[in-house]
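Examining the three-dimensional arrangement
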Amino acid sequence: MSFDATTLETEVLIIGGGVTGAGIMRDLALRGIHSLLIDKRDLCAGASGGNHGLLHSGGRYVSTDPAAAMECRQENALLKRLAPQCIETAGGLFVAVEGDDPAFAEKFPALCRNAGIDCEELSPGEARRLEPVLSDKLFKACRVPDATIDPFHLALLNVDHARLIDGSVYRPHTEVLRFEMADGEIRAAICHDHLHNRPLTIRARQFVNAGGAWAMNIARLAGCADVSLLYAKGTILVSNDRLAHHVVNRLRPPGDGDILVPGGTVSLLGTTSTRVDDLERVGPTVEEIDRNIREGAAMIPALAGARYIRAFSRVRPLLQAVGNASDRAASRGFALLDHASQGVNNFCTITGGKLTTFRLMAEKTVDLVARRLGNDQACMTATVPLPDDEACSWTEPATALKHWHRDRDADDMILCECEMLPQSAIEQIFAGAPGAEQERTIEAVALRSRAGKGPCQGSFCGIRIGSYLYDQGHYRDATGLAHLRDFFDERFKGQRCVIWGQQAAQMELAEALHCGLLGLDTLEGDR
Amino acid sequence: MTAEPRHFTTQLAVIGSGIAGFAAAIFAINRKIVTAQVGNTGALAYTTGYLDLIGKLGGAAGLVTDPWQALASLRETEPKHPLCRVSADDIQQAFAEFTDFLGACGLAYSAPGASNITALTPVGTLKQTLCVPATMAAGPRAMAANTPCVIVDFRGLKGFSGAEVVANLRDRWPQLTTRRLVFPGMDRGEVYPEVMARALEVPATREQLAEALNGVAGAARVIGLPAILGMHRPDHVRAELERLTGREIFEIPTMPPSVPGIRLRELFQQVLPQRGVTLIPQQRVTALSFDGDGATLALSDSYGPIRVHAQAVILATGRFLSGGLEAHPAGIREHLLDLPVTQPAGRADWYRDRYTDPRGHPIHRAGIEVDDSFRPLTREGRRYHDRLFAAGVILAHQDWIRGRSGAGIAIATSFRAVTEAKRFLSGR
Ligand SMILES: Cc1cc2nc3c(=O)[nH]c(=O)nc-3n(C[C@H](O)[C@H](O)[C@H](O)COP(=O)(O)OP(=O)(O)OC[C@H]3O[C@@H](n4cnc5c(N)ncnc54)[C@H](O)[C@@H]3O)c2cc1C
Ligand SMILES: Cc1cc2nc3c(=O)[nH]c(=O)nc-3n(C[C@H](O)[C@H](O)[C@H](O)COP(=O)(O)OP(=O)(O)OC[C@H]3O[C@@H](n4cnc5c(N)ncnc54)[C@H](O)[C@@H]3O)c2cc1C
């Protein structure tokens, strides 16, 4: 398949490059079905790139949604076995502190047992020995098999495996604008190719809407009114240090600032939940940050004085709940709609759910698609391990360390010093990480690596990577500087609300450099 | 350690050793004021060596070519800007005195002119500045004349790519090309500007580099290098390389910490004590108090506590990066005296949504208030103390980053603060 064509053909078009779309692509390939995956931006641009990275044990849902809890339990065990390279088996604690409802805490172990989730009750002393940062106001603690999972690594490997199996294709920056319909079927998706700024028509036999929070908008393009979503924004903070080894959950009904998840060398604190209408303009607010910290500090007092390096917000699609139940009580389960009732026979929508259950969501979706294509192959993703590929692994902090110890070459210079990202990683990413082959840019590297994720948030390494890309001839004109500016603007969205203390000094230095010296704030005026 | 404090007595104590602090010390000794200076010299190493006055005005994207005219319009649009408390004559004199001093110490600078110089940056963008080190002067000239020029970069030097400079300047400077060299004796691994600069103090290294430069310069009449032309005698290193290559040579600043910044730091640290300044580098003042007879600075070094007793004090402690201001979740504070800080209403107002918004961020206009004599004011608008003066970017109502006016604010306000301190000291 050529990238220059204006019309493309495939068996299945998957719309949405989150973990769900990536999982569907691999599941299809394992059943011998060729697909094309598109995203209007790039992999994990939606909720998949802005979550806690918590591979739920199910414990969080035992009180509100036992069915979802059981799904989580099963998928948690399965993924630990089949995709261990993306997972850190951190273990999870549920802790109740003074002020929390003792009755809720008391019945938690039994609820876990009912859902089949291992739950070990710990004395407060034992819990604080495991995690000394826990509050001394703790009165109950349980240990569950929570783990953490890197969604970027996971999505990249799913896509990579699909490419390897049958040449299925991933195209970033391709947005569906409308559908060409005839005789109760979608014939083609009319897209815009943002990378080359031109229209693109994609013909397929089956169309899958894996648009996450955007699923309702995409379904409506095909005249389907049966996807009804509300949007809840969640905000998460990233600390400079890893504050706890375990996932720490508040042992109370889900609320704000009640989960602290380790992510390699940092910790992620969240979340708040706020209704929003607009999917494109979501960002953290100072109020949400302060609320998260205030609530989190009840479990872990050190959160009040911790240094935070960024914050981000993403939207959870809430499948319309019955009555006036609260957003958090609304189903976190997923919905698969075949749209037959809407008179469209080769289109389906999968939305809702969790990162933890992405594989199961893909399985159910592909069961439907395969049936419609007359393919009766069984799903293989519950048994075939996810193959490894170093080109897709630079989003994991451990990769750079491994590389450093194993392949240390003085001439392979470290471009991102916070995250020890060497030049050779960039070459590897361009050569082997899906979606980067066409787009050799700073942003494409950042998405597929830890570049810019450390304490300096890319303010130095962005410049070094930019120079390197110019050196290698990937940039030949002012485009590289515009990309550099856009990269810093993008990183800033995550920093804006957590700039105080040391971060204010860091930010002043960055701005002195980027604007005062390099003049990235005057690029347009200058040219 | 409970050692007895050591006491120093001085007329003027300068707190801070950024450009404002050093400029204040220079102006003070030129006026025969007995001076002591305390401060960590880290911040200086960030500067490029360019001394900006006004390079950009307001939220406009356009660059300022005539800073004096910009100054005149600043007086209309931003009367509270610290530069508006200094006359154009004083600013001119301050820059001249500062650059003359540097020149006399062996670090030649261009004199403050009637218009800005269009200077080069490490990514091939352009920057308007008032004075440049002599080692950097040939670049802007060659660009203006489209002289054939080669930018030479080095294997192993991160963040400086000749290809990037050329790609971004090609339209303006069609005769610009680039070549890559191995720095003499540094053919493996990463190389660092500071190490290269020190190596070029050695004649043999210069000869080898000159030979390599000749090998790649071709028709180029001018050679541009990252800023590595020696640490202590850059003008000599450049002259030698020019002699050896028969071509004009200039430097482009690199990413911080940059050699031109380190040069300034080392020069000040070496020269000021020779000129009689009691310099206590690498230390922070932990308390500052005033009584009827003067001010006392408390600090300590590795030998124990120190007390500096002064008749007058200039506070030039900079902003967040240097620690003069602290950004707490609940608000911005001045760290030594808890002077009132003019600032946006709340943390949510500190920054705009877009990082590179040309209008800049409100947090950068926060700072302390002074009167026309550069004495900090209390919340009630009274002088904090007759003996206390302030200078540099700690002052409110300026955004030196967006305004491209870092050194200018530092030099101009220090000039005025010292003038006023002198008046106060001699009035006694
Ligand atoms: C704050 C927050 C925290 C969370 N934490 C966890 C957690 O810890 N553990 C867990 O298991 N789950 C968590 N979740 C849920 C989990 O992140 C999501 O369920 C999951 O990522 C959804 O993936 P997806 O692929 O279905 O959707 P998305 O990742 O949102 O993907 C949809 C994609 O569709 C693309 N798209 C939209 N419109 C178009 C168009 N017209 N054309 C082309 N492409 C389009 C978007 O760019 C986007 O990339 C969290 C969710 C949120 C919001
Ligand atoms: C990356 C970068 C690039 C720059 N490039 C340019 C440029 O090209 N042109 C230009 O004109 N300007 C440039 N500048 C600005 C310039 O370097 C100065 O920041 C500016 O002139 C302000 O100087 P200052 O002396 O007021 O503050 P600072 O330079 O911040 O100095 C403040 C000093 O006070 C000290 N201090 C703070 N608290 C205490 C205490 N309690 N006790 C003792 N000492 C204390 C600090 O250690 C520091 O030495 C740049 C700055 C940076 C960061």
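Residues numbered from 1 in each chain as written. Chains lettered and ligands numbered in written order. Predicted model: local features only at pLDDT ≥ 70, side-chain atom pairs only at ≥ 80, totals over all residues. Heavy atoms only, no water.

Glancing now at the overall build of chain A. Within chain A one finds 15 helices and 24 strands. Whereas a compact globule of 527 residues would reach a radius of gyration of roughly 24 Å, chain A reaches 23 Å, a difference of no more than 12%. With the principal axes as the frame, chain A shows a C-alpha extent of 65 × 60 × 45 Å. Of all 527 residues assigned to chain A, the portion counted as buried reaches 62%. Taking the intrachain contacts of chain A between residues at least 6 apart in sequence as the baseline, contacts between residues at least 24 apart amount to 73%. (Helix = DSSP H or I, 4+ residues; strand = E, 2+ residues; numbered from the N terminus. Rg over C-alpha atoms; globule rule 2.2 N^0.38 Å. Buried < 20%, exposed > 50% of the residue type's maximum accessible area, 1.4 Å probe, protein only. Contact = heavy atoms within 4.5 Å.)

All names here are of chain B. With six of its six residues buried, strand β5 (residues 149–154) lies for the most part within the structure. Neither face of β5 is open: one carries Cys149, Ile151 and Asp153, the other Val150, Val152 and Phe154, and all of them are buried. Pairing analysis gives six bridges linking β5 to strand β6 (residues 176–181), with the strands arranged parallel. Opposite Ile151, over in β6, you have Thr178 as the bridge partner. Handedness of the crossover joining β5 and β6 through helix α5 (residues 162–169): right-handed. (Pairing = 2+ DSSP bridges. Right-handed = clockwise from strand over helix to strand, strands pointing away.)

Residue and element names in this part refer to chain B. An order of β6-β5-β7-β8 is seen for the four strands of this open sheet, with the pairing classed as parallel. Of all strands in the sheet, those with a lone pairing partner are β6 and β8 (248–252), marking the two edges. Averaged over all pairs of adjacent strands, the angle between strand axes in this sheet comes to 25°, irrespective of strand direction. Against the sheet, α5 touches β5 and β6, its axis set at about 175° to β6. Of the strands in this sheet, β5, β6, β7 (222–226) and β8 are in contact with helix α7 (residues 203–217), which crosses β6 at around 135°. (Axes fitted to C-alpha atoms, helices over the stretch in contact; angles between N-to-C directions.)

Once that is clear, we can look at the interface of chain A and chain B. Often, the extent of an interface is quoted as the loss of accessible area on bringing the components together. Between chain A and chain B, the residue contacts involve 53 residues of the former and 53 residues of the latter. Here chain A and chain B share an interface that buries about 4,600 Å² over both sides, 58% of which is from carbon and sulfur atoms. Summed over the three residues of chain A that lose the most area to chain B, namely Glu508, Glu511 and Leu517 of chain A, the buried surface amounts to 15% of that side. Summed over the shared surface of chain A and chain B, the result is 12 salt bridges. (Buried area = accessible area lost by both parts, 1.4 Å probe. Salt bridge = Lys/Arg side-chain N within 4 Å of Asp/Glu carboxyl O.)

For the coordinates displayed, the defined rule picks out 59 salt bridges over all chains. Here Glu417 of chain A ties to Lys158 of chain B by a salt bridge, and the two come within 2.8 Å at their closest N and O atoms. Here Glu417 of chain A, found in the loop between β23 (414–416) and β24 (421–422), pairs with Lys158 of chain B, found in the loop between β5 and α5, and the two come from separate chains. Relative accessible area serves as the criterion here: at 46%, Glu417 of chain A is assigned to the partly exposed category.

Looking now at the site of ligand 2. Around ligand 2 sit 34 residues in total, of which Asn40, Thr47, Thr48, Val285 and Ser322 of chain B are the nearest. Surrounding ligand 2 are residues belonging to chains A and B, so the site spans chains. One of the backbone N or O atoms of Ala20 of chain B is found 2.8 Å from an oxygen atom in ligand 2. Within the residue set of the shell around ligand 2, elements represented by two or more residues are α14 (502–517) of chain A together with α1 (19–30), β2 (35–39) and α11 (406–426) of chain B. It is α11 of chain B that provides the largest number of residues to the shell around ligand 2, a total of three residues. (Near = heavy atom within 4 Å. Polar contact = N/O pair within 3.5 Å; in protein donor to acceptor, adjacent residues only side chain to side chain.)

Let's shift gears to empty space enclosed by the protein. Enumeration over the complete set of coordinates arrives at 10 cavities of 30 Å³ or more. The computed volume of the largest cavity comes to approximately 100 Å³. Lining the largest cavity are 15 residues; nearest its centre among them are Arg26, Leu79, Phe358, Arg359 and Thr381 of chain A. For the lining of the largest cavity, the secondary-structure elements that each account for two or more residues are α1 (19–30), α2 (66–82), α5 (151–166) and α8 (358–373) of chain A. Broken down by class, the residue content of the lining of the largest cavity amounts to nine nonpolar, three polar and three charged. Computed from the structure, the second largest cavity encloses a volume of approximately 80 Å³. Taken together, Cys456, Gln457, Ser459, Phe488, Arg491, Phe492, Gln495, Gln506, Met507, Ala510 and His514 of chain A together with Tyr355 of chain B form the lining of the second largest cavity. Among the elements of the structure, α13 (479–495) and α14 of chain A are those that each provide at least two residues to the lining of the second largest cavity. (1 Å grid on protein atoms, 1.4 Å probe; cavity = no way out; pocket = protein on both sides within 12 Å on 5 of 7 lines; lining within 4 Å. Points joined across faces, edges and corners; volume = space filled by probe spheres on them. Nonpolar A, V, L, I, M, F, W, Y, C, P; charged D, E, K, R; others polar.)

A word on the sheet that holds strand β9 (residues 147–149) of chain A. Residues and elements named next belong to chain A. Strands sit in the order β4-β9-β5 across an open sheet of three strands; the sheet is antiparallel. Bordering the open sheet on either side are β4 (54–55) and β5 (87–88), each of which pairs with just one other strand. For β5 and β9, the ladder comprises two bridges, and the chain directions are antiparallel. Bridging from a neighbouring strand, Glu88 pairs with Thr148 of β9.

Residue and element names in this part refer to chain B. Contact geometry for helix α3 (residues 88–104) and α11: axes closest at 9 Å, N-to-C directions at 105°. Considering their axes alone, α3 and α11 lie roughly perpendicular with respect to each other. Touching Asp90, Ile91, Gln93, Ala94, Phe95, Glu97 and Phe98 of α3 are Gly408, Ile411, Ala412, Phe415 and Arg416, all from α11. Partitioning the contact of α3 with α11 into residue classes produces seven nonpolar, two polar and three charged. (Parallel < 35°, antiparallel > 145°, perpendicular 65-115°, else oblique.)

Right, let's talk about the nonpolar core for a bit. All names here are of chain B. In terms of nonpolar packing, the biggest core is built from 206 residues, with Phe98, Phe268, Leu297, Val313 and Ile411 touching the most fellow members. Among the elements that take part in this core, α11 stands out by supplying 11 residues, more than any other. With sequence-adjacent residues up to four places away left out, Ile411 is seen in contact with Ile19, Ala23, Phe27, Leu51, Ala94, Phe95 and Phe98. Ranked by size, the runner-up nonpolar core spans 40 residues in total, among them Leu157, Phe183, Leu213 and Leu229. (Core = buried A, V, L, I, M, F, W, Y, C linked by side-chain atoms within 4.5 Å.)

Residues shown with low pLDDT carry predicted positions that ought not to be read at fine detail. Overall, the prediction assigns chain B a mean pLDDT of 96, with 98% of residues at 70 or greater. This complex was scored by the predictor with a pTM of 0.95 and an ipTM of 0.97. (pLDDT = per-residue confidence, 0-100.)

The next point concerns the domain arrangement of chain B. Residues and elements named next belong to chain B. Domains assigned within chain B are domain 1 (6–106 + 262–427) and domain 2 (122–252). Each of domain 1 and domain 2 was reduced to a C-alpha centroid, and the two centroids are 33 Å apart. Across the contact, 19 residues belong to domain 1 and 20 residues belong to domain 2. Ranking the residues of domain 1 by area buried against domain 2 places Tyr50, Arg263 and Glu266 at the top, with a combined share of 41%. Between the two partners, domain 1 and domain 2, sit three salt bridges. Between Arg263 and Glu251 there is a salt bridge; the shortest N-O distance is 2.8 Å. The interface formed by domain 1 and domain 2 holds 10 residue pairs in polar contact (both at pLDDT 80 or more) in total. Where the side of domain 1 that touches domain 2 is concerned, the elements lending two or more residues are α2 (67–77), α3 and α9 (259–274). At three residues, α9 tops the list of elements feeding residues into the side of domain 1 that touches domain 2. Considered class by class, the residues forming the side of domain 1 that touches domain 2 number nine nonpolar, six polar and four charged. (Domains from an automatic or database assignment.)

All names here are of chain A. Around ligand 1 lies a shell of 35 residues, among which Thr20, Asp39, Ser48, Leu54 and Thr356 are the nearest. Between ligand 1 and Gly46, the relevant distance is 3.4 Å, taken from an oxygen atom to a main-chain nitrogen or oxygen of the residue. Protein coverage of the free-state accessible area of ligand 1, which is 1,000 Å², stands at 96%. Mapped by element, the contributors of at least two residues to the shell around ligand 1 are α1, β11 (174–182), β15 (229–239) and β20 (308–319). In terms of residue class, the shell around ligand 1 is built from 12 nonpolar, 17 polar and six charged. (Areas by Shrake-Rupley, 256 points an atom, 1.4 Å probe, with all protein chains shown as cover.)

Residues and elements named next belong to chain B. Taken N-terminus to C-terminus, the directions of α7 and helix α8 (residues 234–245) make an angle of 50°; their axes are 9 Å apart at the nearest point. When the axes of α7 and α8 are compared, the pair comes out oblique. Considering only the axes of α7 and α8, their crossing is right-handed. The segment α7 lies against α8, with Arg206, Glu207, Leu209, Ala210, Leu213 and Asn214 engaging His236, Val237, Glu240, Leu241, Leu244 and Thr245. (Left-handed = near helix turned anticlockwise from the far one by under 90°.)

Centre-to-centre distance and the angle between the planes together describe a pair of aromatic rings. Summed over the entire model, instances satisfying the criterion amount to 13 aromatic pairs over all chains. Both rings, one in Phe487 of chain A and one in Phe488 of chain A, keep their centres 5.6 Å apart while their planes meet at 50°; by these two values the pair is tilted. By relative accessible area, Phe487 of chain A is classed as buried at 2%. An angle of 70° between the planes, with centres 5.5 Å apart, marks the rings of Phe154 of chain B and Phe183 of chain B as edge-to-face. Taken together, the positions of Phe154 of chain B in strand β5 and Phe183 of chain B in the loop between β6 and α6 (193–199) put the pair 29 residues apart, joining distant regions of the chain. An aromatic cluster is defined as three or more aromatic residues linked by ring pairs; in this entry it consists of Phe179, Phe207 and Phe347 of chain A. (Phe/Tyr/Trp six-rings, centres within 6.5 Å; stacked < 30°, edge-to-face > 60°.)

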